Amino acid sequence: MAQKNSHLTKEYQGLWKEHGLDAVVLKRKKKQKKTRGIPKAPVGTKSLAEIQIWLGECRRCGLCKERDKIVFGSGNPKAKILFIGEGPGKAEDKSGVPFVGRAGVLLDKIIEAMSLTRDEVYIANIVKCRPPKNRVPTEEEIDRCLPFLQSQIKVIQPKMIVTLGLTASSILIGDDSPMGQLRGKFHKVAWSPSIPLMATYHPAYLLRNPAAKKVVWDDMKQVLKKMKESH
Ligand code: URA
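Everything numeric in this text was worked out from a predicted model, so none of it was measured.

Parameters at a glance
- Residues numbered from 1 in each chain as written.
- Predicted model: local features only at pLDDT ≥ 70, side-chain atom pairs only at ≥ 80, totals over all residues.
- Helix = DSSP H or I, 4+ residues; strand = E, 2+ residues; numbered from the N terminus.
- Buried ≥ 20, exposed ≤ 12 C-beta atoms within 10 Å, placed from the backbone.
- Contact = placed C-beta atoms within 7 Å.
- Pairing = 2+ DSSP bridges.
- Axes fitted to C-alpha atoms, helices over the stretch in contact; angles between N-to-C directions.
- Near = placed C-beta within 6 Å.
- Nonpolar A, V, L, I, M, F, W, Y, C, P; charged D, E, K, R; others polar.
- Core = buried A, V, L, I, M, F, W, Y, C linked by C-beta atoms within 7 Å.
- Expected span 1.5 Å × (residues − 1).
- Arc of directions from axis to C-beta.

1. With respect to the overall build of the chain
Part 1 of the argument: Secondary structure assignment for the chain yields nine helices and eight strands.
Part 2 of the argument: Counting the 231 residues in the chain, one finds 39% classified as buried.
Part 3 of the argument: Relative to all contacts within the chain whose residues are 6 or more apart in sequence, the contacts with residues 24 or more apart total 66%.

2. Details of the sheet that holds strand 3 (residues 74-75)
Part 1 of the argument: Strand order in this open sheet of six strands is 3-5-4-6-8-7, and the pairing throughout is mixed. The open sheet is flanked by strand 3 and strand 7 (186-189), the only strands paired with a single partner.
Part 2 of the argument: Against the sheet, helix 6 (residues 166-173) touches strand 4 (81-85), strand 6 (160-164), strand 7 and strand 8 (192-200), its axis set at about 135 degrees to strand 6.

3. Here we look at helix 6
Part 1 of the argument: Within helix 6, eight of the eight residues are buried, which leaves the element mostly enclosed by the surrounding structure.
Part 2 of the argument: Of all the residues in helix 6, the buried ones are Leu166, Thr167, Ala168, Ser169, Ser170, Ile171, Leu172 and Ile173.
Part 3 of the argument: Looking at the packing, one finds that the buried side of helix 6 touches strand 4, helix 5 (139-156), strand 6, helix 7 (179-182), strand 7 and strand 8.
Part 4 of the argument: A positive backbone phi angle near 80 degrees is found at Gly174, which sits one or two residues after helix 6.

4. Thoughts on the pairing of strand 4
Part 1 of the argument: Burial analysis of strand 4 places five of its five residues in the buried class, the great majority of the element.
Part 2 of the argument: Residues Ile81, Phe83 and Gly85 line one face of strand 4 and the alternating positions Leu82 and Ile84 line the opposite face, and both faces are buried.
Part 3 of the argument: Note that strand 4 and strand 6 share four bridges and pair parallel. In the strand pairing of strand 6, Ile81 is matched with Met160.
Part 4 of the argument: Pairing of strand 4 with strand 5 (residues 122-125) involves four bridges; the strand directions are parallel. In the sheet register, Leu82 faces strand 5, and the bridge partner there is Tyr122.

5. A word on the site of the ligand
Part 1 of the argument: Close contacts around the ligand come from 13 residues, with Gly85, Glu86, Gly89, Glu92 and Pro98 the closest.
Part 2 of the argument: Tallied by class, the residues present in the shell around the ligand amount to five nonpolar, six polar and two charged.

6. Description of the nonpolar core
Part 1 of the argument: One finds Leu82, Phe83, Ile84, Ile161, Val162 and Leu172 to be the most contacted residues of the largest nonpolar core, which totals 48 residues.
Part 2 of the argument: Apart from the residues within four sequence positions on either side, Val162 is in contact with Ile81, Phe83, Met198, Thr200 and Val223.

7. Things to note about the environment of Leu149
Part 1 of the argument: As for its placement among the helices and strands, Leu149 is situated in helix 5.
Part 2 of the argument: For Leu149, a count of 23 C-beta atoms within 10 Å gives the class buried.
Part 3 of the argument: Apart from residues no more than four positions distant in its own chain, Leu149 is found in contact with Ala124 and Ile126.

8. Structural notes on the environment of Ala204
Part 1 of the argument: On the secondary structure map, Ala204 appears in helix 8 (residues 203-208).
Part 2 of the argument: For Ala204, a count of 21 C-beta atoms within 10 Å translates into the label buried.
Part 3 of the argument: Spatially, the C-alpha atom of Ala204 lies 9.2 Å from that of Leu107, the residues being 97 residues apart in sequence.

9. Notes on the environment of His187
Part 1 of the argument: Secondary-structure assignment places His187 in strand 7.
Part 2 of the argument: The spacing of His187 and Ile173 is 14 residues in sequence and 6.6 Å in space, taken between C-alpha atoms.
Part 3 of the argument: Other than its neighbours up to four places away in sequence, His187 contacts Ile173, Leu197 and Ala199.

10. Details of helix 4 (residues 102-113)
Part 1 of the argument: With twelve residues, helix 4 ought to run about 16 Å at 1.5 Å a step, and its terminal C-alpha atoms sit 17 Å apart, in line with that.
Part 2 of the argument: Regarding helix 4, the residues found buried are Ala103, Gly104, Leu106, Leu107, Ile110 and Ile111. Seen from one end, helix 4 has its buried residues packed into an arc of 160 degrees, which puts them on one side.
Part 3 of the argument: Taken together, the buried residues of helix 4 touch strand 4, helix 8 and helix 9 (213-229).
Part 4 of the argument: At the exit of helix 4 stands Ser115, carrying a positive phi of roughly 60 degrees.

Okay, here's the thing in structure tokens:
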């Protein structure tokens, strides 16, 4: 059940109001310690280009200080599958394009193995600016950035979301359980339950643990099967 967003800072509430957002708080599932503010998409937003204009040269959190480029997301605006990672790394910060570094090369291979291309799917991240030294984004950074991803999801209307790694999975599902428990099964997007979501390991994890590639492929096979069934 949605509650009033009383825990949010005045500034953040102001940001939401400024863009006609109706802020709500979703209760986290069992293991999540706190509630997270999840705003509804801006009223009247119809395209990714409009979201990008709304984002602008964003300075809403400290990540703007060290970033080179904002990594908005890329791919097919009408994609059936949306992949969501954690945040840009060095190569992405330089290019402005998600998943172009080593982990990106592996993600490309996963997409190719699914008989898809980058142009057919959409790829985005939880935060759009690189956290220094690739650290995990903070709660505040995530809270500031999430309205834009949420709006992208609303515009794209994917048939399936694949979350890559724990940060994206726990935020989208609303459950802080470990990756080993979240992966391999279908969940629902916490604020948009009509969209099925598969959580799987992050490609960067696969670079360190190549044995887990098989598990990710099992997860992707489930995704393809469900997509086929829903046709
Ligand atoms: N890791 C991510 O989570 N996202 C990127 O865009 C690149 C690496």
